[in-house]
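Listed below, chain by chain, are the residues.
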Amino acid sequence: WRGWEGAPYSTLVPSDEVTINYRHGLPVITLMLPTRSERCQFTVKPVVTTVGAFLQDVQREDKGIERAEVFTTDGSKVSDATLMEVLLMNDFKLVINSTVYSVAPPVKDKLSSEHATEMEDIKSLVHRLFVALHLEDHQIRKERELLRKLDHLKEELLPLEQVKARIMDSADAKTSRLLWVGLALMSTQGGALAWLTWWVYSWDIMEPVTYFITYGSAMAFYAYFVLTKQDYIYPHAKDRQFLHYFYRKSKKQHFNVERYNKLKDDLAEAEESLRRLRQPLHLKLPIQEISDKD
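Residues numbered from 1 in each chain as written. Predicted model: local features only at pLDDT ≥ 70, side-chain atom pairs only at ≥ 80, totals over all residues. Heavy atoms only, no water.

Going by what an unreviewed UniProt entry lists, the protein chain is known as Calcium uniporter protein and is assigned to Campylorhamphus procurvoides. If you open the UniProt record of the protein chain and go to Sequence similarities (unreviewed entry), you find "Belongs to the MCU (TC 1.A.77) family." Looking at the protein chain in UniProt, the text filed under Function (unreviewed entry) is "Mitochondrial inner membrane calcium uniporter that mediates calcium uptake into mitochondria. Mitochondrial calcium homeostasis plays key roles in cellular physiology and regulates cell bioenergetics, cytoplasmic calcium signals and activation of cell death pathways." (UniProt positions renumbered as here; feature names shortened; annotations may be inferred.)

Next up, the structure:
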């Protein structure tokens, strides 16, 4: 089955079998129900009624209708989500069971620009009223979804947090040991220089040695800057060494740092969304207004 054209066992019915008239500004579709053999009128609200809703009303009225679809004149199927207002702008084909009805909606008189503006204002007002009436239900459903998402993310993060805590403790312990080792080496170096200066050699001999030790230290700090593009500041150097130990330990224990960071970002985003959602519930303000203020 491809469109209504060339369909097996299909019958093309003249356009007068389905008529469309406007009554009180609303389109009234009159058609013959196949199994009940009687004409039935359907009043639709083109601004809010979709093609799928109209077809459901037709099938609900006649239980013998097994298939109801709408096609354009060139054989393309019209989506059920299409508004009736859009459908009634052009001719179309209504397929009920194996019968194809050719429908030609009447051409409405063009509205004046002033009337059109009034209609747009009315539509906007109706939309705002609809949002105001259904906003609280939507927020409650959204809040439940976010709470379920938060619980799911926390369940996934719990084992990762435990592994991360163990890795951080190990990395912190190694970093602290490295700092104490550095202090011990500097103390040993100072004691050795003092012993060589006062008990073994004189200051005239040790002065060039200390100079080259100082110059070598300056070269080491400069090499650190060349490699890391950072000054050798003790807190920064400690953090860098901590991260080195952390990532090396994570690789050994198969801890996925990228997945952990992704889950943490999703958790923070969900918590922020929940906070923004709950704020208008307390203040009785729409979410759009809060977004504009932010």
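Asks: Got a minute to help me understand the overall build of the protein chain in this structure?
Replies: Looking only at helices and strands, the protein chain features seven helices and seven strands. Walking the protein chain from its N terminus toward its C terminus, one meets helices and strands in the order β-β-β-β-α-β-α-β-β-α-α-α-α-α. Each of the 294 residues in the protein chain was classed as buried or not, and the buried ones make up 26%. The contacts in the protein chain between residues at least 6 apart in sequence include a share of 57% that link residues at least 24 apart. Here the protein chain has roughly 20800 Å² of accessible surface; of this, 57% comes from carbon and sulfur atoms. (Helix = DSSP H or I, 4+ residues; strand = E, 2+ residues; numbered from the N terminus. Buried < 20%, exposed > 50% of the residue type's maximum accessible area, 1.4 Å probe, protein only. Contact = heavy atoms within 4.5 Å. Areas by Shrake-Rupley, 256 points an atom, 1.4 Å probe, with all protein chains shown as cover.)

Asks: Just checking my understanding: could you explain the pattern of salt bridges for this structure?
Replies: Here the idea is simple: oppositely charged side chains can pair when their charged atoms come close. Evaluated as defined, the whole model comprises seven salt bridges. The residue arginine 67 makes a salt bridge to glutamate 69 at a minimum N-O spacing of 2.4 Å. Judged by relative accessible area, which is 21%, arginine 67 ranks as partly exposed. For glutamate 69, a relative accessible area of 18% puts it in the buried group. A salt bridge links lysine 77 to aspartate 80; the nearest nitrogen and oxygen atoms lie 4.0 Å apart. Of the residues examined, lysine 77 reaches a relative accessible area of 44% and is grouped as partly exposed. Under the relative-accessibility criterion, aspartate 80 is labelled partly exposed at 41%. (Salt bridge = Lys/Arg side-chain N within 4 Å of Asp/Glu carboxyl O.)

Asks: How do you make sense of the UniProt feature "transmembrane region" (unreviewed entry) in the protein chain when you look at a structure like this?
Replies: The UniProt record marks residues 178-197 and 209-227 with the feature "transmembrane region" (unreviewed entry), using the residue numbering of this structure. In residues 209-227, the share of helix is 100% and the share of strand is 0%. The end C-alpha atoms are 27 Å apart.

Asks: Mind showing me how you'd approach the side chain of serine 250 here?
Replies: Among the structural elements, serine 250 can be located in helix H5 (residues 234-252). Residue classification places serine 250 among the buried positions, given a relative accessible area of 1%. Discounting chain neighbours no more than four positions away, the residues touching serine 250 are Ile167, Phe255 and Val257.

Asks: Any chance you could explain the nonpolar core here in plain terms?
Replies: Most often, soluble globular proteins have nonpolar side chains that are buried together. The biggest cluster of nonpolar side chains holds 24 residues, and the ones touching the most others in it are Leu31, Phe54, Val70, Phe92 and Leu94. For this core, the elements supplying multiple residues, two or more each, are strand S3 (26-33), strand S4 (38-43), helix H1 (51-61), strand S5 (68-72), helix H2 (84-87), strand S6 (92-96) and strand S7 (99-103). At four residues, the largest contribution of residues to this core is made by H1. Val163, Ile167, Ala171 and Phe255 belong to the second-largest nonpolar core, a separate cluster that totals 19 residues. (Core = buried A, V, L, I, M, F, W, Y, C linked by side-chain atoms within 4.5 Å.)

Asks: It is not clear to me how the pairing of S4 should be interpreted in this structure. Could you clarify?
Replies: Regular strands place their side chains on alternate faces of the sheet. Relative to S4, S3 is paired through six bridges, and the arrangement is antiparallel. Pairing of methionine 32 across the sheet is with arginine 39, part of S4. The turn joining S3 and S4, which pair antiparallel and follow one another in sequence, is formed by four residues; a positive phi near 55 degrees is taken by serine 37. (Pairing = 2+ DSSP bridges.)

Asks: Sorry, what's going on with the pairing of strand S2 (residues 19-23) here?
Replies: Pairing geometry for S2 and S3, over five bridges, is antiparallel. By the bridge assignment for S3, isoleucine 20 is matched with isoleucine 29. Between the antiparallel neighbours S2 and S3 lie two residues, among them histidine 24 with a positive phi of about 55 degrees.

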